Amino acid sequence: MIAAAPARSGVLSAQIRSPREWGIIILVAVLFAFMPQLPDNDWFRNASDLPDALAIYKNPAYVYPPWALILFAPYYLIGAAGSRVASVLVVGVLGQRSGWALKDFLAVVISPLFMWTMVLSSADILILLIPILLWSIVGRGESLRRGLALAILLLKPQVGLVLALPRLWSLRREPRRLLTLLVIAGAIMLPVSLIGSPPLLVQWLNNLGAPQVDNIGFWQSNNLSMTVSIGFIPALLLVTAVFGGVYLWIRSRQRRWTDRHTDSTLLAASMLLAPYASNQSAIVPLALHPSWRVTVAQWFGVMGAALL
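Just so we're clear, the structure is a prediction, and the values are computed from it rather than from any experiment.

Draft legend 1. Representation of the pattern of salt bridges within the structure. By the definition in use, this model includes 7 salt bridges. Two residues, Arg45 and Asp40, come together in a salt bridge whose shortest N-O distance is 3.4 Å. By relative accessible area, which is 21% here, Arg45 ends up partly exposed. The salt bridge partner of Glu142 is Arg177, with a shortest N-O separation of 2.0 Å. Here the residue Glu142 occupies a position in helix H8 (residues 142-153), and Arg177 occupies one in helix H10 (residues 175-194), the gap between them amounting to 35 residues. For Glu142, a relative accessible area of 13% puts it in the buried group.

Laid out in structure tokens, this is it:
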């Protein structure tokens, strides 16, 4: 007796690996290019002045570090619409490398937090997810990719460091590889930081130390930090208790704690504990573990808040 052939899985249940799935991802990415924008979006605030080069910190509200002059060049060149397309494609690459089904990808890109990031044409997804992907590629050119990943993460040092430090620590017994990627990252970051009068690094720190009224208002209204609200120690105790509970819950269900769990936990904790972390960053730890339940909960939260 010949066994019946198994039914083919539906499109949404198919793993991201064939031209069919990628055709849908590319279509979704193109649709995001036409998304309406809030005035003064993140691309305008953080990339539009890059042609000013060494004069960029004459705008006292500019607070990205000097190596943004190099690493934000692609962000500037593709424009706000291109950055949205690139963000969707990066999530697609993450999904393929993580073994997601197409429905998992869609759970990320239709979530309110992702939509909010796209309404602002934010670079947060690119800054935090591209390094994770670069670091995960092993083989030829590994040190170059990881040095670049480190430099990109340090565009947002208040949250990027928590991803960088464990990765550097994992290479502590391989000093040659560690030194090579540190030299590469330094070659990207240091020369541009030391040019100018005073050096751009000093100008950047001066801007951070004397925040402008516009930035203060934006940071207060768009900040994930619990530290600002309740103080560092209470926030640390609360975050430790919550994420410690999550860890114990996952292990109690005989589920394996993966590197992605570590990344998402460290990112979420740093965003809650740092003096400032933008709401646009919140989608990244969630994107590492796509869930339709979480997406639906986000929409209920947004609609409930709108009604209130």
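Draft legend 2. Here's a closer look at helix H4 (residues 73-98). With 26 residues, H4 should reach 38 Å at 1.5 Å per residue; the first-to-last C-alpha distance of 28 Å falls well below that figure. Helix geometry: H4 is bent most strongly at Gly79, by close to 110°.

Draft legend 3. Highlighting the packing of helix H14 (residues 232-252) against helix H15 (residues 259-273). At a minimum axis separation of 10 Å, H14 and H15 run at an interaxial angle of 160°. Put simply, H14 runs roughly antiparallel to H15. Both H14 and H15 take part in a crossing whose hand is right-handed. Counted together, Phe232, Ala235, Leu236, Val239, Phe243 and Ile250 of H14 and His261, Thr265, Ala268, Ala269, Leu272 and Leu273 of H15 form the full contact between these two elements. Residue composition of the contact of H14 with H15, by class: 10 nonpolar, 2 polar and no charged.

Draft legend 4. Seen up close, the packing of helix H7 (residues 124-136) against helix H9 (residues 157-169). Running from N to C, H7 and H9 point in directions that differ by 10°, and their axes come no closer than 11 Å. Looking at the two axes, H7 sits roughly parallel to H9. Contacts between H7 and H9 involve Leu128, Ile132 and Trp135 from the former and Val159, Leu163, Arg167 and Leu168 from the latter. When its residues are assigned to classes, the contact of H7 with H9 shows 6 nonpolar, no polar and 1 charged.

Draft legend 5. Broad picture of the nonpolar core. In this structure, Phe72, Val91, Phe105, Val109, Phe114, Leu129 and Leu155 are the most contacted members of the largest nonpolar core, which totals 73 residues. Here this core gets 9 residues from one element, more than from any other, and that element is H7. In this structure Phe105 touches Ile16, Ile25, Val28, Val88, Val91, Gly92 and Trp100, once residues within four positions along its chain are discounted. Counting residues in hydrophobic clusters, the runner-up holds 5 residues, among them Met226, Ala235, Val239 and Ala269.

Draft legend 6. A look at the environment of Leu38. As for its position among the elements, Leu38 is in the loop between helix H1 (19-32) and helix H2 (42-46). The sequence separation of Leu38 and Pro74 amounts to 36 residues, and the corresponding C-alpha distance is 22 Å. Apart from the residues within four sequence positions on either side, Leu38 is in contact with Trp116, Val119 and Leu120.

Draft legend 7. Focus on unusual backbone geometry. Ser197 connects to Pro198 through a cis peptide bond whose omega is -5°. Of note, Asp40 is a non-glycine position whose phi angle comes to about 55°, a positive value. Of note in this structure, Ser121 is not a glycine but carries a positive phi near 50°. Mapped onto the elements of the fold, Ser121 is located in the loop between helix H6 (112-119) and H7. Under the relative-accessibility criterion, Ser121 is labelled buried at 0%.

Draft legend 8. Seen up close, the side chain of Thr265. Structurally, the position occupied by Thr265 is in helix H15. Residue classification places Thr265 among the buried residues on the basis of a relative accessible area of 18%. Once residues within four sequence positions are removed from consideration, Thr265 is found in contact with Phe243 and Trp257.

What counts, and where the lines are drawn
- Residues numbered from 1 in each chain as written.
- Predicted model: local features only at pLDDT ≥ 70, side-chain atom pairs only at ≥ 80, totals over all residues.
- Heavy atoms only, no water.
- Salt bridge = Lys/Arg side-chain N within 4 Å of Asp/Glu carboxyl O.
- Buried < 20%, exposed > 50% of the residue type's maximum accessible area, 1.4 Å probe, protein only.
- Helix = DSSP H or I, 4+ residues; strand = E, 2+ residues; numbered from the N terminus.
- Expected span 1.5 Å × (residues − 1).
- Bend = angle between axes of the 7 residues up to and from the residue.
- Axes fitted to C-alpha atoms, helices over the stretch in contact; angles between N-to-C directions.
- Parallel < 35°, antiparallel > 145°, perpendicular 65-115°, else oblique.
- Left-handed = near helix turned anticlockwise from the far one by under 90°.
- Contact = heavy atoms within 4.5 Å.
- Nonpolar A, V, L, I, M, F, W, Y, C, P; charged D, E, K, R; others polar.
- Core = buried A, V, L, I, M, F, W, Y, C linked by side-chain atoms within 4.5 Å.

Take it as geometry only, folks, not as evidence of what the structure does.
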